[in-house]
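Architecture at a glance
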Amino acid sequence: MNTVKNILGCLAFLLLMGCAIESEFGLPNDESINHELLGEWGFSNNDIEKITIQKASDTTYKLAIKDGKEIEELQGHQKTIKGVSIMNVKTEYKDKTIYTFYGFTVQDNTLTFSEVNDKLHKKEFTSESELISFFENNIERDDFFINENQLKRI
């Protein structure tokens, strides 16, 4: 149980503070949600540690990361670039909106996600179009996604 707790704690940490690329600009929020992504995900079938993904609107998700009694709620939306699904996770920090980006797939009740490597872009993005261009020009690189994780539907 401690191993599961440590892994889920690391997962929550990765989602909130990981090495994924961040920007004050998000990718366009113009795609319908993927209904396969909705549900509860975790490393074991328990109610203490899990991630719940719900529909917030036709194009937006509500993500609830539960670790023990603490729940962190975030919003996200997806954008597909060159056939790859990207989750834009939106956080508010000191009256500023920050987007963090993860590649993801859902297959056979398994959610696989990876961070977009923050080492590939050293400076702040200055516009949404610059962010889109970065994704389009780099998404096929072998090192674009890092720190792959898998969760099972619970």
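In every chain, residue numbers begin from 1 and rise along the written sequence. Local features in this predicted model are restricted to residues whose pLDDT is 70 or higher, and side-chain atom pairs enter the listing and the counts only when it is 80 or higher, whereas totals over whole chains, interfaces and linings include all residues. To get the side-chain values, take all heavy atoms of the structure and skip hydrogens and water.

Once that is clear, we can look at the environment of Glu 124. Per the convention used, a helix needs a DSSP run of H or I reaching at least four residues, while a strand needs a run of E reaching at least two, with both numbered from the N terminus. Take Glu 124: it is sitting in the loop between β8 (110-116) and α2 (128-138). Residue burial is assigned from relative accessible area. The probe radius is 1.4 Å, only protein chains are included, and a residue is buried under 20% of its type maximum, exposed over 50%, and partly exposed in between. Look at Glu 124 and you get exposed, because its relative accessible area is 57%.

Moving on, we get to the pattern of salt bridges. For side chains of opposite charge, pairing can occur when their charged atoms come near one another. Salt bridges are counted wherever a side-chain nitrogen of Lys or Arg sits within 4 Å of a carboxyl oxygen of Asp or Glu. Under the criterion given, the structure shown has seven salt bridges. For Asp 58, the salt bridge goes to Lys 55, with nearest N and O atoms at 3.2 Å. Overall, Asp 58 belongs to the exposed group, its relative accessible area being 54%. Note on Lys 55: relative accessible area 44%, which makes it partly exposed. As a salt-bridge pair, Lys 62 and Glu 73 come within 3.7 Å of each other at their nearest N and O atoms. With Lys 62 in strand β4 (residues 61-67) and Glu 73 in strand β5 (residues 70-81), this residue pair connects regions lying 11 residues apart in the sequence. With a relative accessible area of 31%, Lys 62 lands in the partly exposed category.

This brings us to the environment of Gln 150. Note on placement: Gln 150 falls in strand β9 (residues 145-153). Those residues in contact with Gln 150 that lie beyond four places of it in its chain are Phe 43, Thr 110, Leu 111 and Thr 112. A polar atom in the side chain of Gln 150 sits 3.3 Å from the side chain of Thr 112. Residues are treated as being in contact if the distance between any of their heavy atoms lies within 4.5 Å. Polar contacts, as used here, are pairs of N or O atoms within 3.5 Å; protein pairs need one atom able to donate a hydrogen and one able to accept it. Residues neighboring in sequence count only if both atoms are side-chain atoms.

It is worth spelling out the side chain of Asn 117 at this point. Structurally, Asn 117 can be placed in the loop between β8 and α2. Judged by its relative accessible area of 9%, Asn 117 falls in the buried class. A distance of 2.9 Å separates a polar side-chain atom of Asn 117 from the backbone nitrogen of Lys 119. Once residues lying within four places of it in the same chain are set aside, the contact partners of Asn 117 are Cys 19, Ile 21, Asp 143, Phe 144 and Ile 146.

Further remarks concern unusual backbone geometry. Note on backbone geometry: most residues besides glycine have negative phi, and most peptide bonds are trans. The phi dihedral of Lys 94 falls on the positive side, at around 50 degrees, and the residue is not glycine. Residue position: Lys 94 is located in the loop between β6 (84-93) and β7 (96-107). Accessibility expressed as a relative area gives 69% for Lys 94, which makes it exposed. For Asn 109, which is not a glycine, the phi torsion comes out positive at approximately 60 degrees. Note that Asn 109 resides in the loop between β7 and β8.

What follows deals with the pairing of β8. In terms of burial, β8 is a largely internal element, seven of the seven residues being buried. In terms of strand pairing, β7 meets β8 through six bridges, oriented antiparallel. Its bridge partner lying in β8, Thr 105 is registered against Thr 112. Remark: two residues form the turn of the hairpin made by β7 and β8, two consecutive strands paired antiparallel; Asp 108 in that turn has positive phi of roughly 50 degrees. Alignment of β8 against β9, held across six bridges, turns out to be antiparallel. Looking at the pairing, Val 116 lines up with Phe 145 of β9. Strand pairing is assigned whenever DSSP identifies at least 2 bridges connecting the two strands.

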